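# Overview (structure and organization)
Residues per chain, in single letters:
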Amino acid sequence: MVATSGDGWVLAPPLKLLVEQLDDYDPGRSHVSDGSIASAAHHVANPASDHEPRRAADGRWYVTAVDISNAPWLDRWVLDDLTLDPRVKYLIRNRRYWQRIRWTGDPVRTWVPYTGSNPHNHHVHISLQLGAVHDLSRWSMPGASPRPATTTRPAPPTPKGLTMDDEVKAAFAAVTAQNAALAKGINSVLMRVVQLRQGQVNEGQAEDARFKELDAELDKVQADLAAIAAQSALTEGAA
Ligand SMILES: [Zn+2]
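Parameters at a glance
- Residues numbered from 1 in each chain as written.
- Predicted model: local features only at pLDDT ≥ 70, side-chain atom pairs only at ≥ 80, totals over all residues.
- Heavy atoms only, no water.
- Helix = DSSP H or I, 4+ residues; strand = E, 2+ residues; numbered from the N terminus.
- Buried < 20%, exposed > 50% of the residue type's maximum accessible area, 1.4 Å probe, protein only.
- Areas by Shrake-Rupley, 256 points an atom, 1.4 Å probe, with all protein chains shown as cover.
- Pairing = 2+ DSSP bridges.
- Salt bridge = Lys/Arg side-chain N within 4 Å of Asp/Glu carboxyl O.
- Donors = N, O, S within 2.8 Å, 3.2 Å for Na, K, Ca; no water.

### Let's talk about the overall build of the protein
Within the protein, the regular secondary structure consists of 5 helices and 9 strands. Secondary structure elements of the protein, listed N to C terminal, follow the sequence β-β-α-α-β-β-β-α-β-β-β-β-α-α. A buried classification covers 35% of the 239 residues belonging to the protein. For the protein, the accessible surface area stands at approximately 13900 Å², while carbon and sulfur atoms represent 57% of it.

In structure tokens form, the structure reads like this:
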């Protein structure tokens, strides 16, 4: 069983709730790789992990990580539910590390290779934001049934993770379309610059007003370019 308190520390209350909810959800689940406070060996291997007590804003010391043992529902739950909970700081599972996008806080999946010595193929590591130690919202449990299905499990009503992926793809498509439209606009402006310069040779000062108009148009194009570059950077970061 997961230790929930010890010398000068308690398990962060939302994680205590998480373990209680999982035990209710699947009373027969394995606890063989469950964990909270770092063991002596874990402390030596990784003294900076969230399994070490950390001091929250209230001045108390909390362990803000739990390990949850393998179960048939574990991976779907991690993908469908945990990655969407804003209290989750990071996850480690099957040599992959997941972290919320920092600048937006959006629950976009960002699994990257994890090269730590423990492959995390017997449990998932769940770290909680230190600022969330008093947020006792109920956790989303796997699927909709009270017990894991033994034969067939109904598909989740909405593949939330896939929806996020689709949104990222749609954002990319929108930026690509915008870029194409902009390239067309720039091309026509450049054509006009060439035409006007040719015209200036012939018409002299009469072209001044048309150049001012053109300057304003170029300013607008530059502003659009900057906005699209900023949007592209965000979208690329999210993918
Ligand atoms: Zn862990």
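Next comes the rest of the description.
### With respect to the sheet that holds strand β1 (residues 5-6)
Backbone-to-backbone hydrogen bonds pair the strands of a sheet. The strands run either parallel or antiparallel. Strand order in the open sheet made by the 4 strands is β1-β2-β4-β3, with mixed pairing throughout. Each of the sheet's edge strands pairs with one partner strand only, and the pair in question is β1 and β3 (54-55).

### Examining the pattern of salt bridges
In the structure shown here, the tally under the stated rule is 9 salt bridges. In this structure, D50 and R54 form a salt bridge, with 3.4 Å as the shortest nitrogen-oxygen distance. For D50, a relative accessible area of 3% translates into the label buried. Taking the shortest distance from any N to any O, the salt bridge between K89 and D50 comes out at 3.0 Å. One end of the pair, K89, is in strand β6 (residues 88-93); the other, D50, is in the loop between α2 (40-45) and β3, and 39 residues separate them in sequence.

### As for the coordination of the zinc ion
Any two of four tetrahedral donors ideally make an angle of 109.5 degrees at the metal, while pairs among six octahedral donors ideally make 90 or 180 degrees. The protein atoms that coordinate the zinc ion are H51 (NE2), D67 (OD) and H125 (ND1), at distances of 2.0 to 2.1 Å. All donors of the zinc ion belong to a single chain; written as a sequence motif, their spacing is H-x15-D-x57-H. With D67 in strand β5 (residues 65-69) and H125 in strand β9 (residues 123-128), the pair connects residues that are 58 residues apart, well separated along the chain. Under the relative-accessibility criterion, H125 is labelled buried at 3%.

### What to know about the pairing of β6
Successive side chains on a regular strand alternate, one facing one side of the sheet and the next facing the other. The element β6 is largely enclosed, with a buried count of 5 among its 6 residues. By the bridge criterion, 4 bridges tie β6 to β9 in an arrangement that is antiparallel. Counted as the bridge partner of I92 is H125 from β9. In this structure, β6 lies alongside strand β7 (residues 96-99), joined through 4 bridges in antiparallel fashion. Paired with I92 across the two strands is Y97, which belongs to β7. Linking two consecutive strands that pair antiparallel, namely β6 and β7, is a turn of 2 residues; a positive phi of about 50 degrees is found at N94 within it.

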